[in-house]
Amino acid sequence: MDLSAVLFVCLITLCTSTGSKPKPGRGKGSMWWGIAKVGEPNNISPLSSGIMYMDPAIHSTLRRKQRRLVRDNPGVLGALVKGANLAISECQHQFRNRRWNCSTRNFLRGKNLFGKIVDRGCRETGFIYAITSAAVTHSIARACSEGSIESCTCDYSHQSRSPQASHQTGSVAGVRDWEWGGCSDNIGFGFKFSRDFVDTGERGRNLREKMNLHNNEAGRSHVQAEMRQECKCHGMSGSCTVKTCWMRLANFRVIGDNLKDRFDGASRVMVSNSLRQNGNTVPSNLANSNGIGMSSAAMSPNAASPNAFSADQMINDHMPDHLIKIHPNKPPLNTVNNPNSVSRNSVRSRGRQGKKNNRYNFQLKPQNPEHKPPGPKDIVYLEQSPSFCEKNLRLGIQGTHGRQCNDTSIGVDGCDLMCCGRGYRTQVIDVIERCACTFHWCCEVKCKTCRIKKTIHTCL
Amino acid sequence: MYLSYYNYDEPLDYAEEEYDTILEENQSINSWANICESCIIPSTMQIIWYMAVLLGFSLLCRIAFVFCYYLPNKKEWLLHLISISAGCGMLIVAVGTNSFFIIFFAIISYSTFHLVNLFSPFRKNIGVIMVICTILTQLCSEQIWKHQIAWQMIKGSIMVVNMKIISIAFEMEQTVLKSQRGIIVPNVFSFFGYIFTPANLIVGPWVPYSSYLYSIRLNPMHQFRMRRVMWCGFCCLLSLGFINLSNCIVPYLISDPRLIWVRIFRDAFAVRCSHYFVSFLSQASIAAGGLCLDKDDKPNKWLGYMITQPIHIEFPRSLSSVVRAWNIPMHKFLKEFIFRGIYKRFKSHFVAIFVTYLVSSLLHGQYLKIYLALFSLAIFGFVESKLRKKISIAFNACVTAEACQKPCRFKYCPSKGWRSDGALLVKLTNILFSLATIFHLAYIGAMMESVADEGNDFADNLNVWSTVNFINHWLVLLTYALYLVI
């Protein structure tokens, strides 16, 4: 079974489908989410790598390049599984009170983990992409710092210079004088790996792929932004003779919260992204030819060649300034492209750097021209979300029938909104709980078991 | 039609709550492995580099001394020159171009010495003049350069340099008073050699001029023994342990305390650990540099000349004993040059203590937190020792702030054995005072935490204290009332 042939066929079908149908395909970068279920059927030793390489689920979920990455970076697989599960649990936590509750019950046998909602380019899809990419970045960085990935190491050479170098360069500059120590390259590695791994299927050729790429990048930059530096001074009675600094990666809950905020303020981007608007006579069905132009153009992002027939170049060249924010200027790219970064060498990927960065070099345009263009941390989407009220099997939506709701809340978790006006059933059930706990010296907590009546409301 | 489409893939009753457990596991960001990787290893690596610079230059200087000792014609200025160049080299490596500040300070004060020497009426008060001069220069330059981070970094070394200059001035004054001659200003080489000796240039401690000369003139091979290497190694290990306690372990173990007092105790402990770190680092560096604190000071068998005594601080007898054990050379400096002089002049214990604390806090530069902490400490300690003295006289019991002398002159003494009259009661009282001291120390220390940010706003600094309503200050007021009543 030649996999590349299959992929090629898929690719062609995808291309043709995007050309003919208005609904863009989901892109191909989403199958790997199934890795979350790797090692699940027999829960005996889910994370021992030896077994996992044999797991057929890997072959069915990972693309060839992803498998190569996993093979070349031993120890990464465990982190990926952890990361995927982290993403699922965080997504379900963030959406526990909403109509769409990030259910993964649609997953079976290689089908998409989050169900067919991913086929649509709606907000929820954007969130899924962002949170999965963020979770991979986070868990790879964590695994790096725990030392469970062999190909990434903490390089302390740059910080051993810090007290000296920073103070030689100038007493004029402000806070930047203090160089931080700590394993910065962990996050660099996580970022780079996530790009290589998560963005494999997304080439940015059509708008949907661009949306996925953007949301993946957004997830990663949220992780990077939450990497905190902490410093402390030591010295004779409170002076700062010796200053030590270290890095801390924030709890994933914080990143989940931030992404949820971005979800609430997500910006809708245009279907035929700004190509018609800028006065350029580019036909509207250019999605395909753009894609070809893009993939063949292995130019550096800033080389403005006049013959470049790629959508990105055109946007960069002809868009009015206020609409353009070229992505390479944003911090994540700069950090990762830093030639001193260890991570680049550690992630053994064969892709060319120039081409790879080129696909991040685009700016999506908001549908409402009065809105700001989406920033690097914003979540973008293409179409309105379905209401999620009724069961829609074509979209893989389960509906809110039978969901619990809160009758006093006026928010989305309130019964009015959750049940979409269908009304709800109120039940009183008996719950057995531990109660009236007392602390006995020393050291015991004794509780009684109580039978409490609890009222639950379920949507009809 | 699409009903079947749907039902092919998914059984509807798939257990959905399975991820709730994973959620909890991932919360444990404060796990040991994480602390180790994210905090302990980076801090340790940074400090090891710093240690290598500090100890390396001291050692280099020492080795050069050994070579010079075997030169045919010994020149003392050569030794001083070695000391100066090693010190300057270390400064440039450790603080870069900012070492200019320190050199500037040293030159200014040396010329002041000569200037004062020209006018005979000033000669007898050169100590006081130099105290005022150095403090004024420091305060003025701090006013100019305060917002530079470089200043924060070299502040510690400038303090040590100032203490050295003041001590030279007072020693010169004493020779003047004794011999009734003009001041003999130390020659350029020995003066700058003392100021720039690498062993205590950056993290201190202050050592007297005599002990510097001692280390220069003695046979260097005599001092260069395995014993010092051992001291150095143990001190380094201790200081590494304390910095990790201060940076990582203490804040992460008690990461989010609900009770304000738990936070206060934690912060204060982190501050003390940070102080132990600096102290042991400086102890290691003077062990490597072959300095001794004082001619008649006995070194600890394992750790060399003690700068601080953590045990006496963690389990204190009284606040004044904490002050004594906090930074022993600094305490000696203040006692010898400031306290005694003032006491001789004004014959008042209170004034002497007040002026000593004033000079001590001014030596730290413009630093409101230090002023608040030191003056609170002064008041608390003063009240405590007064009260304990009064109690000890009233009951003839050994409850004074200072530990009783061995042949106990009180009637009730725990040192006379457990069985003796009232020993248990006296012991209990002392423990009670110790607990009060620990309480006060936490209260004062917690304010010193978070040194890195530049909050010179008065209210900002008092934030911690105001959250507990200045309770310790009220307590001390109450204690003072008790003292007056008794």
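Residues numbered from 1 in each chain as written. Chains lettered and ligands numbered in written order. Predicted model: local features only at pLDDT ≥ 70, side-chain atom pairs only at ≥ 80, totals over all residues. Heavy atoms only, no water.

Taking an unreviewed UniProt entry as the reference, chain B is identified by name as Protein-serine O-palmitoleoyltransferase porcupine belonging to Bactrocera dorsalis. The annotation that UniProt attaches to chain B under Sequence similarities (unreviewed entry) is "Belongs to the membrane-bound acyltransferase family. Porcupine subfamily." Looking at the Subcellular location (unreviewed entry) heading of the UniProt record, one finds this comment for chain B: "Membrane". (UniProt positions renumbered as here; feature names shortened; annotations may be inferred.)

An unreviewed UniProt entry annotates chain A as Protein Wnt of Bactrocera dorsalis. UniProt, in the comment section headed Sequence similarities (unreviewed entry), describes chain A in these words: "Belongs to the Wnt family." For chain A, the Function (unreviewed entry) comment in UniProt is given as "Ligand for members of the frizzled family of seven transmembrane receptors."

> Summarise the overall build of chain B; cite the residues concerned and give the values.
Counting its regular elements, chain B contains 22 helices and zero strands. For chain B, the proportion of its 486 residues judged to be buried stands at 53%. Looking at chain B as shown, the accessible area adds up to about 23,200 Å², and 68% of this sits on carbon and sulfur atoms. (Helix = DSSP H or I, 4+ residues; strand = E, 2+ residues; numbered from the N terminus. Buried < 20%, exposed > 50% of the residue type's maximum accessible area, 1.4 Å probe, protein only. Areas by Shrake-Rupley, 256 points an atom, 1.4 Å probe, with all protein chains shown as cover.)

> So what's going on with the pattern of salt bridges? Residues and values would help.
Residues and elements named next belong to chain A. Within this structure, the stated rule accounts for 16 salt bridges over all chains. When the shortest N-O distance is used, the salt bridge between Arg253 and Glu90 registers 3.0 Å. Here Arg253 is found in helix α11 (residues 252-264), whereas its partner Glu90 is found in helix α5 (residues 76-94), with 163 residues between them in sequence. For the pair formed by Arg253 and Glu90, the shared burial category is buried. (Salt bridge = Lys/Arg side-chain N within 4 Å of Asp/Glu carboxyl O.)

> Which residues make up the environment of B:Leu237, and what are the values?
Residues and elements named next belong to chain B. For Leu237, the position within the fold is in helix α12 (residues 226-253). A relative accessible area of 57% places Leu237 in the exposed class. With 43 residues separating them in the primary sequence, Leu237 and Phe280 have C-alpha atoms 8.8 Å apart.

> Please set out the UniProt feature "transmembrane region" (unreviewed entry) in chain B residue by residue, giving values where relevant.
Residue and element names in this part refer to chain B. Within the UniProt annotation, "transmembrane region" (unreviewed entry) is assigned to residues 47-70, 77-110, 190-209, 229-254, 342-360, 366-383, 424-444 and 464-485. Structurally, residues 229-254 comprises 96% helix and 0% strand, and the distance from its first C-alpha atom to its last is 36 Å. The straight-line gap between the two end C-alpha atoms of residues 342-360 is 14 Å; of that span, 89% is helix and 0% is strand.

> Tell me about the state of the cysteines, residues and numbers included.
Residue and element names in this part refer to chain A. Inspection of the entire model under this criterion finds four disulfides over all chains. The disulfide that involves Cys91 links it to Cys102, with 1.8 Å between the sulfurs. Residues Cys91 and Cys102 are joined by a disulfide whose S-S torsion is about 110 degrees; by sign, that bridge is right-handed. Here Cys102 lies in the loop between α5 and α6 (123-146) and Cys91 lies in helix α5, a separation of 11 residues in the sequence. An identical accessibility class is assigned to Cys91 and Cys102; each is buried. (Disulfide = S-S within 2.5 Å.)

> Now, about the packing of helix α18 (residues 368-395) of chain B against helix α22 (residues 471-485) of chain B: what can you tell me, with residues and values included?
Residue and element names in this part refer to chain B. Relative to each other, α18 and α22 sit at 30 degrees, their axes nearing to 10 Å. Between α18 and α22, the crossing angle belongs to the class labelled roughly parallel. At the point where α18 passes α22, the crossing takes the left-handed sense. On α22, the residues that touch Ser376, Ile379, Phe380, Val383, Lys386, Leu387 and Lys390 of α18 are Asn472, His473, Val476, Thr479, Tyr480, Leu482, Tyr483 and Leu484. (Axes fitted to C-alpha atoms, helices over the stretch in contact; angles between N-to-C directions. Parallel < 35°, antiparallel > 145°, perpendicular 65-115°, else oblique. Left-handed = near helix turned anticlockwise from the far one by under 90°. Contact = heavy atoms within 4.5 Å.)

> I'd like to hear about the pairing of strand β2 (residues 242-249) of chain A, residue by residue, with values.
Residues and elements named next belong to chain A. Most of β2 is tucked away, with eight of its eight residues classed as buried. Across the two faces of β2 the burial is the same, with Val242, Thr244, Trp246 and Arg248 and Lys243, Cys245, Met247 and Leu249 all buried. Sheet topology note: the strand β1 (residues 227-234)/β2 ladder contains eight bridges and is antiparallel. The partner of Lys232 across the bridge, within β2, is Thr244. (Pairing = 2+ DSSP bridges.)

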